Structure formats: C-alpha cells, structure tokens
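Letter by letter, the chains look like this.
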Amino acid sequence: MEQQLDYAAVRAAAGRIAGAIRPAAVVPAAEGVWYALEYLQHTGSFKARGARNFLAAHHRAGILPEAGVTIASGGNAGLACAWAARAQGVPATVFLPANAPRVKVERLRGYGAEVRLVGDRYADALAACEEFAAASGALASHAYDHPLIAAGAGTLLDEIRAALPGLDTVVVAVGGGGLFAGIATAAREHGVRVVAAEPENSSALNAALEAGRVVDVAVDSVAGDSLGATRVSADALAAARYESVRSVLVPDQAITAARRALWEEHRIVVEAGAATALAALRTAPQPLGERVAVVLCGANTDPRDLTAPGI
C-alpha cells in the first residue's frame, strides 16, 4: 500500500492506535526539562506504536495476509512486531541469527511469535526473512524504514505537547531514524525544535547529512544494540534537513554517565540508546530550550551493571 510520511499520516496513526498503546507519561526532571517516559510503553519501547499502526493500517485496508507478518529483528522492533501481531490475531514469524541471546528468543516466543534462527549474522536472518515473505505471502515489516512505522512513532510528539503546553524543544535518540522522522514530522507542524542525538561512533544520520545522501556507516558504540543501524531511512534524512532540526553527536562516556544518572537520581532504568538523548542535553554547551522534553524511548536492558559495586 502506498504511503507517505507527513503530519496527516501521523494523525491517522493516532486514530488507529488509540486505546491500544499507553499514552506517554511526561514528568518534570529539572528546571525547564521534562522526561517523556516512553520506556513504559508495551514491549518496553516506542516501537510498539509503529508496529501497531503498520498492522492496523494493513488490516483496515483488507490486505493483512493470513500468513501474518514477518521481520528480522531480535531487538525492540521484533518484540513490538510480535506483540502487535498477537493483538491483531495474526501469526508473527521472527528471524534471528542463531547466536541471538536466549532471553530475546524466549521473550519473542512469550508474545506468541514463531522464532527461526538462521546463520550467525543479521544479514543471514534478513535474507531468510525475505525468502519466507516471498514464499509464504507474509507481510514483511521493517524495524524503522517504512512511513507507517515512522508515523506511528511520531504520535508520541502530540502526546508530549498535550502533557507539556509550551513545549519548544524535544530531544530524541536516532538509530535508523524511524522515531526521529516521525517526531520531526509532527514537530514541524507545531513549530517545535528537534535535537537528533547520536553516538559519535554510530552516526548514520549525521553522516548522511554531511554526505548529502544516505550512506553506510560503521557501528562501534555502547548504544549499538539499539542505535546500531548502518544507514538511516530516506524519510529520516529528509526530516533532518528541516530548519527546526539540529543533529548532535555524543561520546559513549557521556551516554554511560547519563544512563547511570537516570538510575542514581530517579531510579529509572533505560537502554544506552535511550540515555543518548539525555547525554545530548547534559553535554550541550548552552540550554537547548526553555521547555525541553527528553524522550526516554526504551528499557530493554540488563540493569545489573547499574547496581554492581564499584561502577
């Protein structure tokens, strides 16, 4: 089905997922700063929004196949896809490398997904997923590079605005760019600035901006498990060119410090990827705005390193 990412698509997504997702809680954190607690979302990340919108749109159009949906992802996107498929009453087949952590495999199965382990690299799982989709007729989903996925994620911005009147800036971490593209699209409609935060060594959006086109990048960051996309979507690059968007890079040390600060100061446990947004705020040479929302987008992480002695 033909789709484009614009504010109308975000509003349509909000209608489709209303009542199915948890509205974001927005809480004060410091003077002029609020946290959007999206890590409390179903499946532990914002990905639930896009996955639910993706499947609901196909269902309403009458083109959601009996074979269900398939995706290659052992991370937040795979979990969200499996959750949304269960809610829609269709099968989900998730492809992972054979060396995927057992905890991820079991959690996916807990959502009712059929898990297929293929090869030892993500590329192997992706190729098998594509072959399965072609042979079975299952709907192929993507972790971030689809307008329906990005539009679903973008619904978060209007929820933040409703909870925080006068919002002028939102800070969001960027991996493949689905969340960023959706939020930036909605933010542009309302004159809200967006700070796109990436790790220095996992910076597909920043590299695309510098090159003037989508390019492949190497990934070597503490946040690589969730922000480790080797390239951003074309929609993300287009959104990054808005005058209201600023791209910033933060070092791994700042990301780790921000994640620990969230634990020590607020008892909030998030992924390093989610802490990347806060790291951008903490390392900014000057205030990013007067009413700033920092999106804490996911919490599928092992908290033991936060409570280990001597760290």
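Colleague: Tell me what's going on with the sheet that holds strand β3 (residues 69-72), and back it up with residues and numbers.
Modeller: Taken together, the four strands give an open sheet; going across it, the order is β5-β4-β3-β6, and neighbouring strands pair in parallel fashion. Either end of the sheet is taken by a strand with one partner, and the two such strands are β5 (114-117) and β6 (139-140). Bridge analysis of strand β4 (residues 92-96) against β5 gives four bridges, and the strand direction is parallel. Counted as the bridge partner of Leu96 is Leu117 from β5.

Colleague: Before we move on, can you summarise the pattern of salt bridges with the specific residues and values?
Modeller: Enumeration according to the criterion identifies ten salt bridges in this entry. Here Asp158 and Arg11 are joined by a salt bridge, their closest N and O atoms 3.2 Å apart. Here Asp158 is found in helix α6 (residues 147-163), whereas its partner Arg11 is found in helix α1 (residues 7-17), with 147 residues between them in sequence. Asp158 gets classed as buried once you look at its relative accessible area, which sits at 13%. What you see here is one network of salt bridges that share partners, running through Glu38, Arg49 and Glu159.

Colleague: Before we move on, could you go through the sheet that holds strand β8 (residues 193-199) and cite the residues and values that matter?
Modeller: In space, the six strands of this open sheet follow the order β1-β2-β10-β7-β8-β9, with mixed pairing throughout. The open sheet has two edge strands, β1 (26-30) and β9 (245-250), and neither has a second partner. The average undirected angle you get between the axes of adjacent strands in this sheet is 25°. Bridge analysis of β8 against β9 gives six bridges, and the strand direction is parallel. Across the sheet, the residue bridging to Pro199 is Val250, located in β9. The strands that α6 touches are β1, β2 (33-36), β7 (169-173) and β10 (292-295); relative to β10, the one it contacts most, it runs at about 140°.

Thresholds applied
Residues numbered from 1 in each chain as written. Predicted model: local features only at pLDDT ≥ 70, side-chain atom pairs only at ≥ 80, totals over all residues. Heavy atoms only, no water. Pairing = 2+ DSSP bridges. Helix = DSSP H or I, 4+ residues; strand = E, 2+ residues; numbered from the N terminus. Salt bridge = Lys/Arg side-chain N within 4 Å of Asp/Glu carboxyl O. Buried < 20%, exposed > 50% of the residue type's maximum accessible area, 1.4 Å probe, protein only. Axes fitted to C-alpha atoms, helices over the stretch in contact; angles between N-to-C directions. Contact = heavy atoms within 4.5 Å.

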